[in-house]
Amino acid sequence: MAEFVDIKELNDRIQRESSFVDMITMEMNKVIVGQKYMVERLLVGLLSNGHILLEGVPGLAKTLAIKSLAQTMKADFNRIQFTPDLLPADLVGTLIYSQKNEEFIVRKGPIFSNFILADEINRAPAKVQSALLEAMQERQITIGDETYKLDDPFLVLATQNPIEQEGTYPLPEAQVDRFMLKVVITYPSKEEEKAIMRQNLEKSFPNTNPILSKEDIIKARNITKEVYLDEKIERYITDIVFATRFPSEYKLDKFNGLINYGASPRGSINLAIAAKAYAFIKRRGYVIPEDVRAICNDVLRHRIGLTYEAEAENITTEEIINEILNTVEVP
């Protein structure tokens, strides 16, 4: 009985503390037409302290959405356009010799910011990608002999274009795995497209207003960690992840020979954290199986490796994940 009371109290508190979610959504809706799915996933990443990879054809407001989200926070924002001739120093900074002082001084790069928009990340060579990797994983940057801690919050929101393969460097599995979510953006509906056209033909384009401080974000993250995750839900998450590794144990023999490798333990951790953040956005103090199912594709789609046979049969990771969700027993 005590646990029930605790959950009720927690639920009431999270309903109060999560009121800013509606405010952010309203601000974002001023600028972004439709794309509710993308805006929700950006908020999940923000609350979970997880980096996001956005994939979609050009012109789907990926850059605008990230920029608008940064504008709703009183936080620093930098956009880095990735190109094949980019150098790690262009990203992290470098040591410059000062003749006046007769010493090397540090010139910090654009990575020293709260929100980083890494535009077309797959255009940059491996050296630049690995420099970004240290920042993403360790939340620190090394320039010369010195290591510098990055400000909190620090969030990398990267975009990649799925249709152009020429002159691109596909992200290695180790780097893709560092992104908490991989969100695939699709075209808007006819009605949304008309609204987008109208908005862009107006005399002035709307702007978002800052409504949260850095401290508010850090506080919201700490409260998100308190969202209740029952042991049954933990078991459900583990079953889903294990089904990507050992499909035959879950009566999914048809996937034998199609999955090269399944999701890593990072997949389980991120699925649990993202489910908590999703419950928080839905203003609930506890996780339900629907939260796990809603966020599952975004957390796992880039963590499952397909064999050549699967690619030859045009089988996608989404199909595998959906089949797993339909098969694994829901608590």
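Quick caveat: nothing in here was measured; it's all calculated off a predicted structure.

K.L.:
Lay out the sheet that holds strand β8 (residues 155-160) with the relevant residues and their values.
P.N.:
Strand order in the open sheet formed by five strands is β2-β5-β8-β1-β9, with parallel pairing between adjacent strands. Taken across any chain shown, the strands that pair with only one partner, and hence form the sheet edges, are β2 (77-81) and β9 (181-184). When the angles between neighbouring strand axes are averaged without regard to direction, this sheet yields 20°. Where strand β1 (residues 52-55) meets β9, four bridges bridge the pair, whose relative direction is parallel. Along β9, the bridge assignment pairs L53 with K182.

K.L.:
Describe the side chain of Q129, and please don't skip the residues or the numbers.
P.N.:
Within the element layout of this structure, Q129 appears in helix α6 (residues 126-138). Within polar-contact distance, the side chain of Q129 engages the backbone oxygen of A124 at 2.9 Å. Non-local contacts of Q129, meaning those with residues more than four positions away in its chain, are made with I121, N122, A124, Y169, P170, L171, P172 and Q175.

K.L.:
Can you explain the pattern of salt bridges? Please cite residues and give values.
P.N.:
Summed over all chains, the structure comprises 21 salt bridges. Among the salt bridges present, the one from R284 reaches D291, with a minimum N-O distance of 2.8 Å. Each member of the pair R284 and D291 is classed as buried. Taking the shortest distance from any N to any O, the salt bridge between D298 and R301 comes out at 3.1 Å. Accessibility expressed as a relative area gives 1% for D298, which makes it buried. Salt bridges sharing partners connect three or more residues here, namely K36, E40, R41, K282, D298, R301 and E318.

K.L.:
Go over the pairing of strand β5 (residues 115-119), please, and point to the residues and values.
P.N.:
For β5, the tally of buried residues reaches five of five residues, placing the bulk of the element in the interior. Neither face of β5 is exposed, since F115, L117 and D119 on one face and I116 and A118 on the opposite face are all buried. With five bridges connecting them, β2 and β5 associate as parallel partners. Its bridge partner being in β5, N78 is matched across the sheet by I116. Across four bridges, the pairing between β5 and β8 is parallel. Opposite A118, over in β8, you have A158 as the bridge partner.

K.L.:
Could you give an account of the environment of L87, with specific residues and numbers?
P.N.:
Looking at the secondary structure, you find L87 in the loop between β2 and α5 (88-92). The spatial distance from the C-alpha of L87 to the C-alpha of L54 is 23 Å, given a sequence separation of 33 residues.

Analysis parameters
- Residues numbered from 1 in each chain as written.
- Predicted model: local features only at pLDDT ≥ 70, side-chain atom pairs only at ≥ 80, totals over all residues.
- Heavy atoms only, no water.
- Pairing = 2+ DSSP bridges.
- Helix = DSSP H or I, 4+ residues; strand = E, 2+ residues; numbered from the N terminus.
- Axes fitted to C-alpha atoms, helices over the stretch in contact; angles between N-to-C directions.
- Polar contact = N/O pair within 3.5 Å; in protein donor to acceptor, adjacent residues only side chain to side chain.
- Contact = heavy atoms within 4.5 Å.
- Salt bridge = Lys/Arg side-chain N within 4 Å of Asp/Glu carboxyl O.
- Buried < 20%, exposed > 50% of the residue type's maximum accessible area, 1.4 Å probe, protein only.

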